Amino acid sequence: MGGGTGSLPKQTSGIQTTLISELDLPVTWEEDDAIVHNVIWGFASDKLYHSYLISGCKRVTLSSLIKGQPIYVRVDAFNETGITEGEVLKVNEGDEILYDKAVLSKAHIPTLLIRIVR
């Protein structure tokens, strides 16, 4: 990627996050012209050290978060021409937590889980 001709993809928009437990955070975004998205996240706005490269869908669930830690998320868009960085968003501690028994039953598993919905 990065060797093509044409325009860079538009910045990813419509990013939504809602904590579904204290350890699980789905991230969704609007359909766009990017071929691949890179969901980058971390515990400080300048320390986004974790990432998931996603192709063919517009949703990922970040799991095994650290209870009580602030979470920062950025979604970058890729195409053949290159990368367009997204904006860094903070998931606020006061955000509503939606409890889902199916998700919570898996939350205690000590491995990093990723669920992709297409």
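What you are looking at is a predicted structure, and each value in this text was computed from that prediction instead of being measured.

Caption draft 1: Just the overall build of the protein chain, in detail. The helix and strand tally for the protein chain stands at 1 helix and 8 strands. When its helices and strands are written in sequence order, the protein chain yields β-β-β-β-β-β-β-β-α. Across the 118 residues that make up the protein chain, the buried fraction comes to 36%. Counted over contacts in the protein chain with a minimum sequence separation of 6, partners at least 24 positions apart contribute 67%. Put simply, the protein chain shows about 7000 Å² of open surface, and 51% of that area lies on carbon and sulfur atoms.

Caption draft 2: Just the environment of Ser51, in detail. Inspection of the secondary structure puts Ser51 in strand 4 (residues 50-55). Separated by 22 residues in the primary sequence, Ser51 and Val73 place their C-alpha atoms 9.4 Å from one another. Contact partners of Ser51, with chain neighbours within four places excluded, come to Asn38, Val39, Ile40 and Trp41.

Caption draft 3: A look at the packing of aromatic side chains. All chains considered together, the criterion is met by 1 aromatic pair. Their ring planes at 90° and their centres at 5.8 Å tell us that Trp41 and Phe43 sit as a pair that is edge-to-face. On the basis of relative accessible area, Phe43 is assigned to the partly exposed category, the value being 22%.

Caption draft 4: Here's a closer look at the pattern of salt bridges. Tallying each qualifying case throughout the model produces 3 salt bridges. Between Lys67 and Glu22 there is a salt bridge; the shortest N-O distance is 3.4 Å. Here Lys67 is found in the loop between strand 5 (59-62) and strand 6 (71-78), whereas its partner Glu22 is found in the loop between strand 1 (16-17) and strand 2 (25-28), with 45 residues between them in sequence. With a relative accessible area of 37%, Glu22 lands in the partly exposed category. Between Arg74 and Asp76 there is a salt bridge, with the nearest N and O atoms lying 2.8 Å from each other.

Caption draft 5: Main features of the sheet that holds strand 5. Ordered by their spatial adjacency, 3 strands build an open sheet running 1-2-5, and the pairing between neighbours is antiparallel. Of all strands in the sheet, those bounded by a partner on one side alone are strand 1 and strand 5. Note that strand 1 and strand 2 share 2 bridges and pair antiparallel. Counterpart to Thr17 in the pairing with strand 2 is Val27.

Caption draft 6: Representation of the environment of Val27 in the model. Inspection of the secondary structure puts Val27 in strand 2. What makes Val27 buried here is its relative accessible area of 0%. The sequence separation of Val27 and Thr61 amounts to 34 residues, and the corresponding C-alpha distance is 6.0 Å. Once you skip the residues sitting within four places of it in the chain, Val27 turns out to touch Ile15, Gln16, Thr17, Lys58, Arg59, Val60, Leu62, Val73 and Val75.

Caption draft 7: Structural context of the pairing of strand 2. One ladder, built from 4 bridges, connects strand 2 with strand 5; its direction is antiparallel. Each bridged residue has a counterpart across the sheet, and for Leu25 the counterpart in strand 5 is Leu62.

Calculation rules
- Residues numbered from 1 in each chain as written.
- Predicted model: local features only at pLDDT ≥ 70, side-chain atom pairs only at ≥ 80, totals over all residues.
- Heavy atoms only, no water.
- Helix = DSSP H or I, 4+ residues; strand = E, 2+ residues; numbered from the N terminus.
- Buried < 20%, exposed > 50% of the residue type's maximum accessible area, 1.4 Å probe, protein only.
- Contact = heavy atoms within 4.5 Å.
- Areas by Shrake-Rupley, 256 points an atom, 1.4 Å probe, with all protein chains shown as cover.
- Phe/Tyr/Trp six-rings, centres within 6.5 Å; stacked < 30°, edge-to-face > 60°.
- Salt bridge = Lys/Arg side-chain N within 4 Å of Asp/Glu carboxyl O.
- Pairing = 2+ DSSP bridges.

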